[in-house]
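Overview (structure and organization)
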Amino acid sequence: MMRIKVHLDKRLSESHEICIGYDFQDRIGLLIVKDHPANRYVIVTDSNVSGLYGKNFLEKLRDLGLPVELLEFSAGEGSKTMDTALALTSRLLELGVDRHSLLLALGGGVVGDLTGFVASIYMRSVPFIQLPTTLMAQVDSSIGGKTAVNLPQGKNLLGTFYQPKRIFIDLKFLETLSDDEYLNGVAEIVKYGLIDEPGFFELLEKEVPAIRARNRELLEKVIERSCRIKKGVVEIDEQESGFRRILNFGHTLGHAIEAASNFTLAHGKAVAMGMIAAAGISVESGFLTPAERDRIEKLIGNLGLPVRLPEGISQSAVLERIALDKKKEGSDLPFVLLKKIGIPFISKGVDKSLLEKILGEMKS
Ligand SMILES: NC(=O)c1ccc[n+]([C@@H]2O[C@H](COP(=O)([O-])OP(=O)(O)OC[C@H]3O[C@@H](n4cnc5c(N)ncnc54)[C@H](O)[C@@H]3O)[C@@H](O)[C@H]2O)c1
């Protein structure tokens, strides 16, 4: 089992540990018994993960003598709402959960965000642990303490910064992930290669076949490096007052493309196109070289992610969505661009005409 320490500023949050391993749920149980005593444990999961892993994990914890219950909600982004948060809260009250209890978020980013949100506000906060089961959650959403629910007006509009007590990443979970869900995580991994370490980007270029084959040794290495990069950024700027925004590389346009597709396009695919567009803008703004942009596009394409906007997604719909982005400051929408591969920076804003040009070039 690999351990990574997340060092946080004590005034805001507690430091904690990310533990990475393969098929180590028995060990996770023992570590919970030893390091996280509580009067009651509640596994929160979704309807897919419950059958795949939740019930088995429940049994493992019960075998250790822990008082543990399992709560589940319908799988999918549609459940990341206040209604689900309130329904969970009612069940927690019925179970007698109090501030000496511990919640265990077993699932993808939806389970992690929602459980973290409930944990942060239930009885003015109860501790929780992240057990991410998608690649996206293992390399991204479980780390950093952002929690949220969606509102009809937009995604993640209600939320808190609230850190888990620990993050357990079991690679075994990835074996049942669909190709689309796996690619969602791969897109985030490419992002880390672009915003932090050129050496990591080169490793990804070299290991495309192993990544596509979900090779376990390689995945362990790639997940560990991704976690180290994300936690490094969070340690510098936990509450996103500036630097943490580099994690949004490719996401401003990615979210707009995803929304313009009426969410029919998987998040990772939209982010992949967002990263190519951001690389294109970086070239046009005189930073990145065209050869570097081409390397980025080649890696993304070789990994099985799209490099062109699918038909049916109109340029104007993407631009409209960008105009609505919640990260806008006045009329400027901060954009993460690249000086080089591995060297990101936050630009104040990008001209609409340049966005139009780049999106036009990306049509299929
Ligand atoms: N908090 C953050 O910093 C942060 C960062 C990025 C994304 N997010 C949020 O994460 C969410 C997306 O997360 P996601 O991509 O994990 O989606 P998800 O949680 O909806 O999971 C995707 C699908 O995979 C299924 N699933 C989960 N684990 C599985 C497994 N091991 N085998 C088979 N199926 C499995 C789920 O039931 C679901 O149907 C979004 O709501 C997004 O806003 C949060």
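Residues numbered from 1 in each chain as written. Predicted model: local features only at pLDDT ≥ 70, side-chain atom pairs only at ≥ 80, totals over all residues. Heavy atoms only, no water.

1. With respect to a nonpolar patch on the surface
Formally: Every patch collects residues that have over 30% relative accessible area and no salt bridge, joining them within 9 Å if they carry like charges and within 5 Å if they are nonpolar side chains (Val, Leu, Ile, Met, Phe, Trp, Tyr). The accessible surface values rely on the Shrake-Rupley method and a 1.4 Å probe; as for residues, cover is taken only from the protein chains in view. Here, a salt bridge means any side-chain nitrogen of Lys or Arg that lies within 4 Å of a carboxyl oxygen of Asp or Glu. Helix and strand labels come from DSSP, where a helix needs a run of H or I of at least four residues and a strand needs a run of E of at least two; each type is numbered from the N terminus.
A surface patch of nonpolar side chains, amounting to about 220 Å² of accessible area, comprises Leu30, Val33 and Leu64. For Leu64, the position within the fold is in the loop between helix H2 (47-63) and strand E4 (68-73).

2. Overview of the site of the ligand
Keep this limit in mind: If a single non-hydrogen atom of a residue is within 4 Å of a molecule or strand, that residue counts as near it. What qualifies as a polar contact is a pair of N or O atoms within 3.5 Å, subject to a donor-acceptor requirement within protein and to the restriction that residues adjacent in sequence count only when both atoms come from side chains.
Near the ligand, the surroundings consist of 25 residues, among which Asp46, Glu77, Thr133, Thr134 and Thr176 are the closest. In this structure, Glu77 approaches the ligand through a side-chain N or O atom, which is 2.7 Å from an oxygen atom. At a separation of 2.9 Å, a nitrogen atom of the ligand approaches a polar backbone atom of Lys146. Bound to the protein, the ligand loses 86% of the 870 Å² it would expose on its own. Within the residue set of the shell around the ligand, elements represented by two or more residues are H2, helix H4 (109-121), helix H5 (135-141) and strand E8 (154-161).

3. A look at the domain arrangement of the protein
Worth spelling out the cut-off: Domain borders in the structure are assigned automatically or taken from a domain database. Note on definitions: a residue-residue contact is assigned when non-hydrogen atoms from the two residues lie within 4.5 Å. Once two parts are put together, the accessible area they lose, assessed with a 1.4 Å probe and summed over both, is termed the buried area. Note that Gly is not counted as nonpolar here; it falls among the polar residues with everything else outside the nonpolar set of Ala, Val, Leu, Ile, Met, Phe, Trp, Tyr, Cys and Pro and the charged set of Asp, Glu, Lys and Arg.
The domain boundaries assigned to the protein delineate domain 1 (2-176) and domain 2 (179-361). The C-alpha centroid of domain 2 is placed 27 Å from the C-alpha centroid of domain 1. Opposite the 29 residues of domain 1 that make contact, domain 2 presents 27 residues. Buried area between domain 1 and domain 2, summed over both chains or domains, comes out near 2600 Å², and the portion from carbon and sulfur atoms is 67%. Taken as a group, Leu135, Val139 and Phe161 account for 22% of the area that domain 1 buries against domain 2, more than any other trio of residues on that side. Here domain 1 is connected to domain 2 by two salt bridges. For the salt bridge of Lys230 with Asp140, the shortest nitrogen-to-oxygen distance reads 2.7 Å. The interface formed by domain 1 and domain 2 holds ten residue pairs in polar contact (both at pLDDT 80 or more) in total. Of all the secondary-structure elements, those providing two or more residues to the side of domain 1 that touches domain 2 are strand E1 (2-6), strand E2 (16-21), H5 and E8. Taken together, the residues of the side of domain 1 that touches domain 2 break down into 17 nonpolar, six polar and six charged.

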